[in-house]
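So you can see what is in the structure, the chains are spelled out below.
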Amino acid sequence: SEWLEGPSRSLAAVVVAGLTGPIEVAGAEYSGMMPPLGGTMSDAEIAAVLAFLASDFGAAGVPLDAAGVAELRAALDGSGLIQGAEGLAKLATE
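Residues numbered from 1 in each chain as written. Predicted model: local features only at pLDDT ≥ 70, side-chain atom pairs only at ≥ 80, totals over all residues. Heavy atoms only, no water.

**Q** Can you walk me through helix 4 (residues 84-93) in this structure?
**A** For the α-helix, the turn length of 3.6 residues means that residues three or four positions removed from each other point alike. Among all positions in helix 4, only Gly84, Gly87, Leu88 and Leu91 are buried. All buried residues of helix 4 project into a common sector of 100° when viewed along the axis, lining one side. For helix 4, the exposed residues set more than 90 degrees away from the buried face come down to Glu86, Lys90 and Thr93. (Buried < 20%, exposed > 50% of the residue type's maximum accessible area, 1.4 Å probe, protein only. Helix = DSSP H or I, 4+ residues; strand = E, 2+ residues; numbered from the N terminus. Arc of directions from axis to C-beta.)

Rendered as structure tokens:
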């Protein structure tokens, strides 16, 4: 999907912090919820998931390594779930 083609940081943020609210994927509107996995997965595990997405599904950019995930986790600390496409767009500009 187009979300795999976006910045690696945004994709990692969805895994760490979760996502809720409206988002369009390949022309279809979704309004579900992906739970945050940052509390159950280590930085290295999240980095491995991102590397898998990059290699098997063509995610754009260089996936974050464990240190990059740790930095992102610290930046997102206490921010709660990402709020739909608008929240992802905001992350891409930060």
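Following the structure, the description resumes.
**Q** Help me understand the packing of helix 1 (residues 8-17) against helix 3 (residues 66-76), please; the structure alone is not making it clear to me.
**A** The N-to-C vectors of helix 1 and helix 3 enclose an angle of 65°; their axes lie 10 Å apart at closest approach. The two elements helix 1 and helix 3 cross, and the hand of that crossing is right-handed. On the side of helix 1, the interface is formed by Arg9, Ala12, Ala13, Val16 and Ala17, while helix 3 contributes Val69, Leu72, Arg73, Ala75 and Leu76. Grouping the amino acids of the contact of helix 1 with helix 3 by side-chain chemistry returns eight nonpolar, no polar and two charged. (Axes fitted to C-alpha atoms, helices over the stretch in contact; angles between N-to-C directions. Left-handed = near helix turned anticlockwise from the far one by under 90°. Contact = heavy atoms within 4.5 Å. Nonpolar A, V, L, I, M, F, W, Y, C, P; charged D, E, K, R; others polar.)

**Q** What's the story with the nonpolar core in this structure? I'm lost.
**A** As a rule of thumb, soluble globular proteins bury nonpolar side chains together. Grouped together as the largest cluster of nonpolar side chains are 20 residues, with contacts concentrated most on Ile46, Leu76, Ile82 and Leu88. For this core, the elements supplying multiple residues, two or more each, are helix 1, helix 2 (43-57), helix 3 and helix 4. With seven residues, helix 1 is the largest single contributor of residues to this core. In this structure, Leu88 is in contact with Trp3, Ser10, Val14, Leu19, Ile23 and Ile82, ignoring residues within four places of it in sequence. (Core = buried A, V, L, I, M, F, W, Y, C linked by side-chain atoms within 4.5 Å.)

**Q** Would you mind going over unusual backbone geometry with me for this structure?
**A** One can expect most non-glycine residues to show negative phi and most peptide bonds to be in trans. In this structure, Ala26 is a non-glycine residue whose phi angle is positive, near 50°. Of note, Ala26 is situated in the loop between strand 2 (23-25) and strand 3 (28-30). Overall, Ala26 belongs to the exposed group, its relative accessible area being 66%.

**Q** Just to check I follow, could you spell out the sheet that holds strand 5 (residues 82-83) for this structure?
**A** Strands pair in a sheet through their backbones, by hydrogen bonds, and they do so in one of two ways: parallel or antiparallel. Here we have three strands laid out as an open sheet, ordered 4-1-5, and mixed in their pairing. With one partner strand each, in any of the chains shown, strand 4 (33-34) and strand 5 form the two edges of the open sheet. In this sheet, strand 4 lies alongside strand 1 (residues 19-20) in antiparallel orientation, the contact comprising two bridges. Looking at the pairing, Leu19 lines up with Met34 of strand 4. (Pairing = 2+ DSSP bridges.)

**Q** I would appreciate a short explanation of the packing of helix 2 against helix 3 in the present structure.
**A** Helix packing for two helices is described by the angle between their axes and how far apart those axes are. At a minimum axis separation of 8 Å, helix 2 and helix 3 run at an interaxial angle of 110°. The angle between helix 2 and helix 3 falls in the class roughly perpendicular. Our pair here, helix 2 against helix 3, has a crossing hand that is right-handed. Seen from helix 2, the contacting residues are Asp43, Ala44, Ile46, Ala47 and Leu50; seen from helix 3, they are Ala66, Val69, Ala70 and Arg73. (Parallel < 35°, antiparallel > 145°, perpendicular 65-115°, else oblique.)

**Q** Just checking my understanding: could you explain the layout of surface pockets for this structure?
**A** In this approach the atoms are scanned with a rolling probe the size of a water molecule, which exposes any empty space left behind. Taken as a whole, the second largest pocket holds about 210 Å³ of empty space. Only helix 3, strand 5 and helix 4 provide two or more residues apiece to the lining of the second largest pocket. It is helix 4 that provides the largest number of residues to the lining of the second largest pocket, a total of three residues. Residue composition of the lining of the second largest pocket, by class: five nonpolar, four polar and three charged. (1 Å grid on protein atoms, 1.4 Å probe; cavity = no way out; pocket = protein on both sides within 12 Å on 5 of 7 lines; lining within 4 Å. Points joined across faces, edges and corners; volume = space filled by probe spheres on them.)

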